[in-house]
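Commentary on secondary and tertiary structure
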Amino acid sequence: MAKSESSARIVTSVVAVISAVALAVSLVAAGFAACAVPDVSTKALASAYSTDDASPFTKDELVAAAVQTKRYTIDDNDKAAVYATIAAINAQEALAGTAGKGAPKIDVTANYAAGELSDEQIATLEAAFDAASERYVLTPDAVSHLDDVFGVVQAAKWWLLAAVVAACVGCTATAFRGGKRLLGRVLTGAGVSVLAVFALLAAWVAIDFDGFFAQFHSLFFAAGTWTFSWDSLLICMYPPEFWVGMGAIWLVVTVACCVVCITIGRLLRKGSTQKR
């Protein structure tokens, strides 16, 4: 009997630990989702920080390109849509007579409505973009990097969803096996752990953003594949300040979720203690 109870406690402890880890990952995923899923985050930060003073394009044009590029990188990897958006912006500049040296040679009378490009039109635009300056287009190197990001995000998405499911199932199992007090410890532990890690990362970003940015990219991408000129279209859409803003959104959402977990966890532990 004692052996059976000991085994049950071990199983309950293991379930609690797994639940806490899965919940911690889910809290981080919540902040990432706030940055990556809605267009509004990209639109707001691009509106505030895109560097139109270093670009041949206006602020509105950079914002439109930034939002569509985000969709390409995070959502659908729809090359027709992102190429059409950038082609339309260049066509507007050409028609206005403001296209400068290095602009792509494209048919300004073509219909570049997103999603309506044929394979032939995409191939034609690719050839034009290959010969153009990175100030006006996403070059093959830039598109390759965006494709790399898409691959990482798609792989991570399923792991993060699995963590959310594991957290929900695990917390439910923990409540049934260990009661409210143990569930409260899981919620509190996950929230506090994530807050501690994010505090260290926030300090690193505040002290050395460039170093953090480089180390973060080196985890997922080969050296030299993610660096571009300061006046390239990609960097004008997404300058360092843009990423600081994204980091702030991620931080605020994750911290808010952690505070909720910690608060609920303490209430559960307190309520359990009072009943004893």
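Residues numbered from 1 in each chain as written. Predicted model: local features only at pLDDT ≥ 70, side-chain atom pairs only at ≥ 80, totals over all residues. Heavy atoms only, no water.

What follows is about the overall build of the protein. In terms of regular secondary structure, the protein is built from 9 helices and 0 strands. Taken from the N to the C terminus, the helices and strands of the protein come in the order α-α-α-α-α-α-α-α-α. In terms of overall size, the protein is more extended than a compact globule, its C-alpha atoms giving a radius of gyration of 24 Å where 276 residues would be expected to give roughly 19 Å. Oriented by its inertia axes, the alpha-carbon framework of the protein measures out at about 85 × 40 × 30 Å. Summarising the internal contacts of the protein: among those between residues at least 6 apart in sequence, 78% fall at separations of at least 24. Side chains of the protein give 20 positive and 24 negative charges; the mean places of these two sets differ by 26 Å. (Helix = DSSP H or I, 4+ residues; strand = E, 2+ residues; numbered from the N terminus. Rg over C-alpha atoms; globule rule 2.2 N^0.38 Å. Contact = heavy atoms within 4.5 Å. Lys, Arg positive; Asp, Glu negative; His and termini not counted. Charge placed at Lys NZ, Arg CZ, Asp CG, Glu CD.)

The residue Ala-222 is located in the loop between helix H7 (209–218) and helix H8 (233–237) in this model. When its relative accessible area of 49% is taken as the criterion, Ala-222 is described as partly exposed. Separated by 77 residues in sequence, Ala-222 and His-145 have C-alpha atoms that sit 9.7 Å apart. (Buried < 20%, exposed > 50% of the residue type's maximum accessible area, 1.4 Å probe, protein only.)

In this section: the pattern of salt bridges. In total, this model carries 6 salt bridges according to the counting rule given. The closest approach of N and O atoms between Arg-71 and Asp-39, which form a salt bridge, is 2.6 Å. You can see Arg-71 sitting in helix H3 (residues 59–75) and its partner Asp-39 sitting in helix H2 (residues 39–49), a full 32 residues away along the chain. One salt bridge connects Arg-135 with Asp-231, and the closest N-O pair in it is separated by 3.5 Å. Linking Arg-135 in the loop between helix H5 (119–130) and helix H6 (140–207) with Asp-231 in the loop between H7 and H8, this pair joins segments that are 96 residues apart in sequence. On the basis of relative accessibility, which here comes to 26%, the residue Arg-135 falls in the partly exposed class. Through salt bridges with shared partners, one network takes in Asp-39, Lys-70, Arg-71 and Asp-75. (Salt bridge = Lys/Arg side-chain N within 4 Å of Asp/Glu carboxyl O.)

For Asp-231, a relative accessible area of 18% translates into the label buried. Once residues within four sequence positions are removed from consideration, Asp-231 is found in contact with Ala-54, Arg-135 and Cys-236.

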